[in-house]
Amino acid sequence: MVADLSQLVKAYDVRGVVPDQWDEPLAELFGAAFVQVTEADAIVIGHDMRPSSPGLAAAFARGATARGADVTLIGLCSTDQLYYASGALDLPGAMFTASHNPARYNGIKLCRAGAAPVGQDTGLTEIRTLVEKWSDHGLPATAATTPGTVTERDTLTDYAAHLLGLVGLSGIRPLKVVVDAGNGMGGHTVPTVFEGLPLDLVPMYFELDGTFPNHEANPLDPKNIVDLQARVLAEGADLGLAFDGDADRCFVVDERGRGVSPSAITALVAARELARNGGRGTVIHNLITSWSVPEVVRENGGTPVRTRVGHSFIKAEMAEHGAIFGGEHSAHYYFRDFWNADTGMLAALHVLAALGGQEGPLSGLLDRYDRYTGSGEINSTVDDQAGRLTAIRAAYDARDDVRFDELDGLTVTGTDWWFNLRASNTEPLLRLNVEARDERTMAAVRDEVLTLVRA
């Protein structure tokens, strides 16, 4: 029987409920298909702390070795640690994780050698086609005379050393930092990366537990950083850091217990990366990041390039422009010196270095990078996404004080505000982001657009 992968294979990865939507036999087929599509002689595999992850990773390895590929298993790791291994070893990689999704989910993030992304347009469609065929007809005989080998390798120490070599932290003042790992892979990576730094570390939920007993490991949802905010205030800490389940995203809380806009972090890191590169370089940002980001990039000698939302678009632009850094408002941060891949840990180290390199609080440091007022992303359920977008464009078409672009959804820009409205790829949702020069204007634009969206 042909497996139904329509709900399992997404635009950028594989993700679904275990065992309802996929299981170890299907993971084995994915391993074989991955090797065939990438024509890899060897691959590297890592996994997170979810109960189903070790078994799925082992099954994927069986499929890969059956096609003649040698497999390096790096075991428990964050997604950016898997990207490090792919880059440092120059091997295609597979990371078993469902990031911030609930415990019953699992997935695979795939990359080619050097951490180059694998998405629908870069191999994932071909992998899906093979898995569907093989689930019906069985795995065909391979030309490989012998199966591949399996070896184990610990990359955590080397991963930490690589990151620390990219940020100067030796001279910073002592800082007290609360870290909420959300029972995810930050509890595995943070102790090694932070070891020896002048940091008073206050750990929260470092126990690896893929059932997420304390809260969802999704720091972009405000309810999931409430514990961190309270602990920062209780400890009198200099800042707080929250990682998602696979620890490739990092969210920052300042000394007042207030969440910091990922756009402000993008601007801060961009300024530091431009300084590292002599005030020259291209910085990629998606179209829902703050106006602050391109402004800061230009002020520091760089060239901003605006792109669509989504890591595959960011990574493609990074490669095309030879960019030194890229940031998304979802708290994904991409670095040329990390194979153009995203690593929240490296962004966190930049924040620590910037804060520890001066005497003021984090809120004061970030004032220069957080210049506008944003709504955050607001989702609305609609039956006809395209029709609603067309109607909203028509509502603004009569105005001569706005301009439009449709790089990704609909962006409408006024004199002192802008909004972007995008359709979800997987749900009947329209996603709204609004920014303005002051709170009153932002709220007025937000409410006006939501009235049209939800009419």
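The coordinates are above.
Everything numeric in this text was worked out from a predicted model, so none of it was measured.

### Looking at the overall build of the chain
When you go through the chain residue by residue, the secondary structure sums to 14 helices and 21 strands. Relative to the 2.2 N^0.38 estimate, which gives 23 Å for 455 residues, the radius of gyration of the chain is 22 Å and therefore close to what a compact globule would have. Projected onto the principal axes, the alpha-carbon positions of the chain cover approximately 65 × 55 × 45 Å. Within the chain, buried positions represent 56% of all 455 residues. Taking the intrachain contacts of the chain between residues at least 6 apart in sequence as the baseline, contacts between residues at least 24 apart amount to 68%. Element-wise, carbon and sulfur atoms account for 48% of the exposed surface of the chain, whose accessible area totals about 17,900 Å².

### Remarks on the side chain of Asn-420
Among the secondary structure elements, Asn-420 is positioned in strand E20 (residues 417–423). Given a relative accessible area of 0%, Asn-420 falls into the buried group. At 2.9 Å, the side chain of Asn-420 forms a polar contact with the backbone oxygen of Asp-408. Those residues in contact with Asn-420 that sit more than four places away from it in its chain are Leu-287, Ile-288, Asp-408, Leu-410, Thr-411, Arg-431, Leu-432 and Asn-433.

### Describing the pattern of salt bridges
Counted according to the given criterion, the structure contains 25 salt bridges. Linking Glu-28 and Arg-62 is a salt bridge whose minimum nitrogen-to-oxygen distance equals 3.7 Å. You can see Glu-28 sitting in helix H1 (residues 24–38) and its partner Arg-62 sitting in helix H2 (residues 53–66), a full 34 residues away along the chain. Given the relative accessible area of 40%, Arg-62 is considered partly exposed. In this structure, Arg-371 and Glu-299 form a salt bridge, with 2.8 Å as the shortest nitrogen-oxygen distance. Here Arg-371 is found in the loop between helix H12 (362–366) and strand E16 (373–374), whereas its partner Glu-299 is found in helix H9 (residues 292–299), with 72 residues between them in sequence. A relative accessible area of 30% means that Arg-371 is categorised as partly exposed. Ionic contacts of the salt-bridge type, sharing partners, join the residues Glu-273, Arg-276, Arg-336 and Asp-337 into one network.

### Here we look at helix H5 (residues 156–164)
The complete set of buried residues in H5 reads Leu-156, Tyr-159, Ala-160 and Leu-163. Buried residues of H5 fall within an arc of 95° about the axis and therefore sit on the same side.

### With respect to the packing of helix H8 (residues 262–276) against helix H11 (residues 344–356)
For any two helices packed against each other, the geometry is given by the interaxial angle and the distance between the axes. Here H8 crosses H11 at 75°, and the two axes come no closer than 10 Å. Looking at the two axes, H8 sits roughly perpendicular to H11. Across from Ile-265, Leu-268, Val-269, Arg-272 and Glu-273 in H8, the residues of H11 making contact are Ala-347, His-350, Val-351, Ala-353 and Ala-354.

### Structural notes on the nonpolar core
Counting 74 residues, the largest nonpolar core has Phe-194, Leu-239, Leu-241, Phe-243 and Leu-349 as the members making the most contacts within it. Per-element accounting of this core gives the leading share, 10 residues, to H11. In this structure Phe-243 touches Val-179, Asp-180, Ala-181, Val-190, Pro-219, Arg-249, Cys-250, Gly-344, Met-345 and Ala-348, once residues within four positions along its chain are discounted. Ranked by size, the runner-up nonpolar core spans 35 residues in total, among them Phe-34, Val-71, Ala-94 and Leu-130.

### Notes on unusual backbone geometry
In this structure, the amide linkage connecting Val-18 to the following residue, Pro-19, adopts the cis form with an omega of 5°. Backbone geometry places Ala-247, a non-glycine residue, at a positive phi of 60°. Among the structural elements, Ala-247 can be located in the loop between strand E10 (239–243) and strand E11 (250–253). The phi torsion at Trp-339 lies on the positive side, around 60°, for a residue other than glycine. Tracing the sequence through the fold places Trp-339 in the loop between strand E15 (333–335) and H11.

The rules behind the values
- Residues numbered from 1 in each chain as written.
- Predicted model: local features only at pLDDT ≥ 70, side-chain atom pairs only at ≥ 80, totals over all residues.
- Heavy atoms only, no water.
- Helix = DSSP H or I, 4+ residues; strand = E, 2+ residues; numbered from the N terminus.
- Rg over C-alpha atoms; globule rule 2.2 N^0.38 Å.
- Buried < 20%, exposed > 50% of the residue type's maximum accessible area, 1.4 Å probe, protein only.
- Contact = heavy atoms within 4.5 Å.
- Areas by Shrake-Rupley, 256 points an atom, 1.4 Å probe, with all protein chains shown as cover.
- Polar contact = N/O pair within 3.5 Å; in protein donor to acceptor, adjacent residues only side chain to side chain.
- Salt bridge = Lys/Arg side-chain N within 4 Å of Asp/Glu carboxyl O.
- Arc of directions from axis to C-beta.
- Axes fitted to C-alpha atoms, helices over the stretch in contact; angles between N-to-C directions.
- Parallel < 35°, antiparallel > 145°, perpendicular 65-115°, else oblique.
- Core = buried A, V, L, I, M, F, W, Y, C linked by side-chain atoms within 4.5 Å.

In short, geometric facts, not functional conclusions.
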